[in-house]
Amino acid sequence: MNHTNEKVSRVEISELEKIAYQLRIDSLEMIYRRGAGHPGGSLSAAEIVAVLFFHIMNVNPQNPIWIDRDRFILSKGHASALLYAALARRGYFPIDDLKRWGDLDCHLQGHPDILKTPGVDMTSGILGHGIAISAGLCLAARAKDKPYRVYTLLGDGECQGGIIWEGAMLASKYHLGNLTAILDYNDVQLDGFVHDIMPMEPLAQKWKDFKWNVLEIDGHNVKEIIGALEAVKDVKDQPTMIIAHTVKGKGVSFMENKSTWHGKAPTRQQFEQARQELERMV
Ligand SMILES: Cc1ncc(C[n+]2csc(CCOP(=O)(O)OP(=O)(O)O)c2C)c(N)n1
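Our subject in this report is the structure included herewith.

Per the secondary structure count, the protein includes 10 helices and five strands. What you see for the protein is a C-alpha radius of gyration of 17 Å, in line with the 19 Å of a compact globule of 282 residues. In terms of its C-alpha atoms, the protein occupies a principal-axis envelope of roughly 50 × 45 × 40 Å. Out of the 282 residues belonging to the protein, those deemed buried represent 55%. Counted over contacts in the protein with a minimum sequence separation of 6, partners at least 24 positions apart contribute 76%. Charged side chains in the protein number 32 positive and 35 negative. The centres of these two groups are separated by 3 Å.

Note on placement: S42 falls in helix α2 (residues 39–43). Residues within four places of S42 in sequence aside, it is in contact with S27, A79, A81 and L82.

Close to the ligand lie 17 residues; K76, H78, G125, D156 and K248 are nearest. Here an oxygen atom of the ligand and a side-chain polar atom of K248 are 2.6 Å apart. Protein chains bury 73% of the 590 Å² of accessible surface belonging to the ligand in isolation. Along the lines of polarity and charge, the residues of the shell around the ligand split into four nonpolar, eight polar and five charged.

Most of helix α4 (residues 80–90) sits out of view: nine of its 11 residues are buried. Inspection of α4 places S80, A81, L82, L83, Y84, A85, A86, L87 and A88 among the buried residues, and these make up the whole buried set. Tucked into the core, α4 has its buried residues touching α1 (10–34), α2, α3 (46–56) and β1 (71–74). G91 lies just past α4 and shows a positive phi near 100 degrees.

Before going further, it helps to spend a moment on the sheet that holds strand β2 (residues 150–155). With parallel pairing, the five strands of this open sheet are ordered in space as β1-β2-β3-β5-β4. Looking along the sheet, the strands with just one partner apiece sit at the ends: β1 and β4 (213–218). Strand-to-strand twist in this sheet, taken as the mean axis angle between neighbours without regard to direction, amounts to 20 degrees. In this structure, β1 lies alongside β2, joined through four bridges in parallel fashion. For I73, the partnering residue across the bridge sits in β2 and is T152. Most of the contacts of α3 go to β2, to which it runs at about 170 degrees, and overall it touches β1, β2, β3 (179–185) and β5 (240–245).

Calculation notes
Residues numbered from 1 in each chain as written. Predicted model: local features only at pLDDT ≥ 70, side-chain atom pairs only at ≥ 80, totals over all residues. Heavy atoms only, no water. Helix = DSSP H or I, 4+ residues; strand = E, 2+ residues; numbered from the N terminus. Rg over C-alpha atoms; globule rule 2.2 N^0.38 Å. Buried < 20%, exposed > 50% of the residue type's maximum accessible area, 1.4 Å probe, protein only. Contact = heavy atoms within 4.5 Å. Lys, Arg positive; Asp, Glu negative; His and termini not counted. Charge placed at Lys NZ, Arg CZ, Asp CG, Glu CD. Near = heavy atom within 4 Å. Polar contact = N/O pair within 3.5 Å; in protein donor to acceptor, adjacent residues only side chain to side chain. Areas by Shrake-Rupley, 256 points an atom, 1.4 Å probe, with all protein chains shown as cover. Nonpolar A, V, L, I, M, F, W, Y, C, P; charged D, E, K, R; others polar. Pairing = 2+ DSSP bridges. Axes fitted to C-alpha atoms, helices over the stretch in contact; angles between N-to-C directions.

Encoded structure:
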């Protein structure tokens, strides 16, 4: 199925593509500077996060706790560098704050903390909880007659955890049309391929069996991401899972598709090479 949206201009798509690459550069710079972090799963989700924060979500960086805002739930909390980069570039706090990521007195900690960072809607890092928390937020929107939508980013390795599927049952039982999950399906987890460690296929069918509306897209194609995220707004009585096919480490030749780049920082030389590759795209 082709989830594209002809109404979005080429210029806007090109801008979003550049933002995605800028977020990649920011994330890697943060990880290099801190000497720790998760490059692979930050690079794979850059277009998804760019489209959400810079095109789709109804948010107000000047008032991060505005009650009617759309919520973003980073269930795969280890991709915090990417989230912090997006929040900074979107204007929630100064870009310079990214340099202090992980300092004890900095509001940006290793994993996202709802009590510390403006724009963070869920404390995460312990995998598996995003769907259930999002379902709760969606039920709250219904109870209070609020218009907001909840967008939840999951990892494929993360979906091996049983609690994901408990949340999935709950969300479909309550027909939560205001819930959209996006699966960063890069097929690489912490120390190997998902298809070797615990195969998830047929993954689309699993979500369908849990009574979710399911779409499949290329998770690096901005036009397809926009098309899918616009299309789900018409689905009122079912939660939606967008399975986004991605490449772990996307954009950096020596990181792509390698579990060794799941959770380690590049050396200075590696970072410089990565930056050169990424800067060509901005
Ligand atoms: C409950 C829990 N178990 C284990 C971990 C350690 N851990 C952090 S990331 C990760 C792998 C996640 O893989 P995936 O969801 O595929 O993430 P991505 O490839 O998108 O980075 C693991 C096991 C954790 N954070 N939480």
